[in-house]
2 protein chains.
Amino acid sequence: MTDRHWSIGEMCRDFGVTARTLRFYEAKELLSPLREGSRRLFTRRDRARLTLILQGKRFGFSLEDIRQLLDLYDIGDQGATQLARTYDLARQRLAAMEAQRDELTRAITDLREQLALGERMLAERGIRVAAE
Amino acid sequence: MTDRHWSIGEMCRDFGVTARTLRFYEAKELLSPLREGSRRLFTRRDRARLTLILQGKRFGFSLEDIRQLLDLYDIGDQGATQLARTYDLARQRLAAMEAQRDELTRAITDLREQLALGERMLAERGIRVAAE
DNA sequence: GGGAAAGTTGACGTTTACGTCAACGTGATG
DNA sequence: CATCACGTTGACGTAAACGTCAACTTTCCC
C-alpha cells in the first residue's frame, strides 16, 4: 500500500482546482486530509474521492448529492443498518443515473437530427462543412 | 398549424415550474411569449424550448449554455454566417454530450460494481436485499 | 538571515437561479 | 359591487459554490 501524501498545491495542479475549492470541500466534509501541523496532507483516498466529486459535478449533481454517494465507496466501515441504507440510496442513484443516460442518449439523437437539418441548409447556400 | 396559446398558470401546471421561473427565463431571453395586454401568452415554440431547457438543466448545463444551444433549434431564420457559427457550436455541444454520456456509462459501471460489493457484504451479515 | 514561496484562517464578495413579498391591474362571479 | 383568482412589475432575499483579500506562519533557498 503506497501511502504517499500530497500538498494542497500538488492537488491543485493534478486536478485543476483551486486551493479554495479543496478547503471548501473539506469544510463540507467531502474530503478529510490529514494534518502536518496546520498543513493539509491529502491521501490516496482523498484523490479517489475528488475524482468522484468532479465527475459527479459534470453530471449535474449537487455537492450534497455527491457527499451521500461517496459514502458508498467507503462501504465496510459502517454498521449493518447504515450499510443497508447506503445500499438503498446507491440503488436509487444508479437508477437516476441510468435514466439520465437514457435521456441524454435521446437528446443526442435529437441534436444529431438538427445537425443534419442544418447541414442541408448550409449546403443549399453552397457552404461546405467538415466531414464527420 | 395549431396556434394555441397557454397562460402562465397553465405552463406552470404542465411543466412543474413556478411563474417566477418562467418570467426569469423570459428575462434571460430563453423564452419569448406573446402579450395580450400585459399578460403573457406562451406558444408551441415556447413549450418546445422549455422542454429543452429543463432537459439541459438535468444534464448539468447552465442557462447560458442552454440559451446558445436553443438557437440551433431555430435554424432557418438566421444569416448564412450566423447559421454556420451555430452549426459549429452545435457540433461542439454534441461532442460534449457524447463525452458526458460515455463518462456516465463508465460511472454507472463503477457504481454497479460497488453495489455488487455492498450486496456481498450485506449477505455476509445475513441481510437480504430485493432482487434486481 | 532575509526574502520568496507555499500554506493557514477568517471574512466578505460574487454569480447563478431562482424565492418571496408588496403593491397593483383586470376579469369573472355570486 | 365586492371579492376572488389570476396576472403584472419591481425590489429585495437566499442557497450553493466558490473567488478574493487581508493578515499571519513556515519553510526553502541563496
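These numbers come from a predicted model, not from an experiment. (Residues numbered from 1 in each chain as written. Chains lettered and ligands numbered in written order. Predicted model: local features only at pLDDT ≥ 70, side-chain atom pairs only at ≥ 80, totals over all residues. Heavy atoms only, no water.)

## Examining the pattern of salt bridges
All names here are of chain A. The criterion, for reference: The working definition used for a salt bridge is a side-chain nitrogen of Lys or Arg within 4 Å of a carboxyl oxygen of Asp or Glu. Numbering of helices and strands starts at the N terminus; helices are DSSP runs of H or I of at least 4 residues and strands are runs of E of at least 2. Exposed residues in this analysis have more than 50% of their type's maximum accessible area, buried residues have under 20%, and partly exposed residues fall in between, with area computed by a 1.4 Å probe over protein chains only.
By the definition in use, this model includes 16 salt bridges over all chains. For arginine 47, the salt bridge identified is with aspartate 14, shortest N-O distance 3.0 Å. With arginine 47 in helix H3 (residues 44-58) and aspartate 14 in helix H1 (residues 8-15), the pair connects residues that are 33 residues apart, well separated along the chain. Under the relative-accessibility criterion, arginine 47 is labelled buried at 18%.

## Comments concerning the domain arrangement of chain A
As a reminder of what qualifies: Start and end positions for the domains come from either an automated domain assignment or a database one.
Per the domain assignment, the segments of chain A are domain 1 (1-66) and domain 2 (75-132). Relative placement of domain 1 of chain A and domain 2 of chain A: their C-alpha centres are 26 Å apart.

## Here's the deal with the protein's contact with DNA strand D
Let me state the cut-off plainly: Proximity criterion: a residue is near a molecule or strand once any of its heavy atoms comes within 4 Å of it. Definition of a polar contact: a pair of N or O atoms within 3.5 Å, with one able to donate and the other able to accept a hydrogen when the atoms are protein atoms, and with sequence-neighbouring residues admitted only if both atoms are side-chain atoms.
What surrounds DNA strand D is a group of 17 residues, the closest being A:Thr18, A:Tyr25, A:Lys57, B:Ser7 and B:Arg40. For DNA strand D, a phosphate oxygen lies 3.0 Å from a polar atom in the backbone of A:Leu63. In this structure, B:Arg40 approaches DNA strand D through a side-chain N or O atom, which is 2.7 Å from a phosphate oxygen. Taken together, the elements giving at least two residues each to the surface near DNA strand D come down to helix H2 (19-27) of chain A together with helix H1 (8-15) and strand S2 (39-41) of chain B.

## Some details on the relation of the copies chain B and chain A
Note the cut-off: We superpose the copies by least squares over the C-alpha atoms of residues that have a pLDDT of at least 70 in both of them. In this description, contact between two residues means that some pair of their heavy atoms is separated by no more than 4.5 Å.
The two copies are related by a screw operation: chain B maps onto chain A through 180° of rotation and 0.0 Å of translation along the axis, at an RMSD of 0.1 Å. Taken together, the rotation and translation describe the operation of a two-fold axis. Scanning chain B for the C-alpha nearest the rotation axis identifies B:Gly60, at a separation of 1.9 Å. An overlap of 100% is found between the interface residues of chain B and their copies at the interface of chain A, pointing to a shared contact surface.

## Things to note about the packing of aromatic side chains
Under the convention used in this document: Pairing of aromatic side chains requires ring centres within 6.5 Å, counting the rings of Phe and Tyr and the six-membered ring of Trp. Pairs whose planes differ by under 30 degrees are stacked, by over 60 edge-to-face, and all others tilted. To sit over a ring, a charge needs its Lys NZ or Arg CZ within 6 Å of the ring centre and within 35 degrees of the ring normal.
Within this structure, the stated rule accounts for two aromatic pairs over all chains. Here B:Phe24 and B:Tyr25 contribute two aromatic rings whose centre-to-centre distance is 6.3 Å and whose plane-to-plane angle is 55°, an arrangement assigned as tilted. Judged by its relative accessible area of 34%, B:Phe24 is partly exposed. For A:Arg47, the ring lying beneath its charged end belongs to A:Trp6, and the centroid distance is 4.2 Å.

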